[in-house]
Amino acid sequence: MTDADARPRGAGAFDFLIGTWSVANRRLSRPLSGSTEWDEFPATAVCRGTLFEGGANLDEIVFPTKGFAGLTLRLYDPERDEWSLNWVSSSTGRLSPPIVGRFGTDGTGEFNGKEIHEGATVACRFIWSRITEDTARWEQAFATADGDWETNWYMDFSRTA
């Protein structure tokens, strides 16, 4: 399966994540600082299934070398034809503001919202791409002061089960 292969855009769009994944992370050490230093580390993600007939899913990702885990709850709003991606870190136990968007006809998903970075609110974008039966890529970018996007985190997913 490729990005554009008959994958649903609405309910069911995140069903590809059901299963267990090895995740290679590459995260910019100091976003929005001009730094080009990257930190690379592993993770394991488990998406246990779909809820609401494909209109919701939940996964947990564990970062063993970082000492924390995260949980993402994804919810589809059929009236708006958009998903909200809701993240909580085990470090804080607080739900971050939702990042919202949808998958395009090419199978790539773009989701936008706000994030708190070093005490300031910044525009944030997630991209889901390179989706096949056994791989996927997630990336996060923050808007710079001049309005450009700086990608600061890549997660490359490889299915293990």
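Refer to the structure printed above.
None of these values were measured; they are calculated from a predicted model.

1. What about the overall build of the protein?
For step 1, the next point in the chain: A tally of regular secondary structure across the protein gives zero helices and ten strands.
For step 2, the next point in the chain: Shown N-terminal to C-terminal, the secondary structure of the protein runs as helices and strands in the order β-β-β-β-β-β-β-β-β-β.
For step 3, the next point in the chain: Its C-alpha radius of gyration of 15 Å places the protein within 12% of the 15 Å reference for a compact globule of 161 residues.
For step 4, the next point in the chain: Taken across its 161 residues, the protein has 45% of its residues classed as buried.
For step 5, the next point in the chain: Residue pairs in contact within the protein that sit at least 24 positions apart in sequence constitute 40% of those at least 6 positions apart.
For step 6, the next point in the chain: Of the accessible surface of the protein, which amounts to about 8,400 Å², a share of 51% is contributed by carbon and sulfur atoms.
For step 7, the next point in the chain: Side chains of the protein carry 16 positive and 24 negative charges; the gap between the two charge centres is 3 Å.

2. Quick notes on the side chain of T72
For step 1, the next point in the chain: In this fold, T72 is placed in strand β4 (residues 68–77).
For step 2, the next point in the chain: A relative accessible area of 10% places T72 in the buried class.
For step 3, the next point in the chain: Residues within four places of T72 in sequence aside, it is in contact with N57, L58, D59, N86 and W87.

3. Side note on the layout of surface pockets
For step 1, the next point in the chain: Size it by volume and the largest pocket reaches roughly 830 Å³.
For step 2, the next point in the chain: What lines the largest pocket is a set of 33 residues, among which R27, W87, E115, Q140 and W153 lie closest to the centre.
For step 3, the next point in the chain: At the level of secondary structure, the elements contributing two or more residues to the lining of the largest pocket comprise β1 (19–28), β3 (56–63), β4, β5 (82–89), β7 (109–117), β8 (120–129), β9 (135–143) and β10 (149–159).
For step 4, the next point in the chain: With five residues, the top contributor of residues to the lining of the largest pocket is β5.
For step 5, the next point in the chain: Of the residues that constitute the lining of the largest pocket, the class distribution is 16 nonpolar, ten polar and seven charged.

Cut-offs used in this document
- Residues numbered from 1 in each chain as written.
- Predicted model: local features only at pLDDT ≥ 70, side-chain atom pairs only at ≥ 80, totals over all residues.
- Heavy atoms only, no water.
- Helix = DSSP H or I, 4+ residues; strand = E, 2+ residues; numbered from the N terminus.
- Rg over C-alpha atoms; globule rule 2.2 N^0.38 Å.
- Buried < 20%, exposed > 50% of the residue type's maximum accessible area, 1.4 Å probe, protein only.
- Contact = heavy atoms within 4.5 Å.
- Areas by Shrake-Rupley, 256 points an atom, 1.4 Å probe, with all protein chains shown as cover.
- Lys, Arg positive; Asp, Glu negative; His and termini not counted.
- Charge placed at Lys NZ, Arg CZ, Asp CG, Glu CD.
- 1 Å grid on protein atoms, 1.4 Å probe; cavity = no way out; pocket = protein on both sides within 12 Å on 5 of 7 lines; lining within 4 Å.
- Points joined across faces, edges and corners; volume = space filled by probe spheres on them.
- Nonpolar A, V, L, I, M, F, W, Y, C, P; charged D, E, K, R; others polar.

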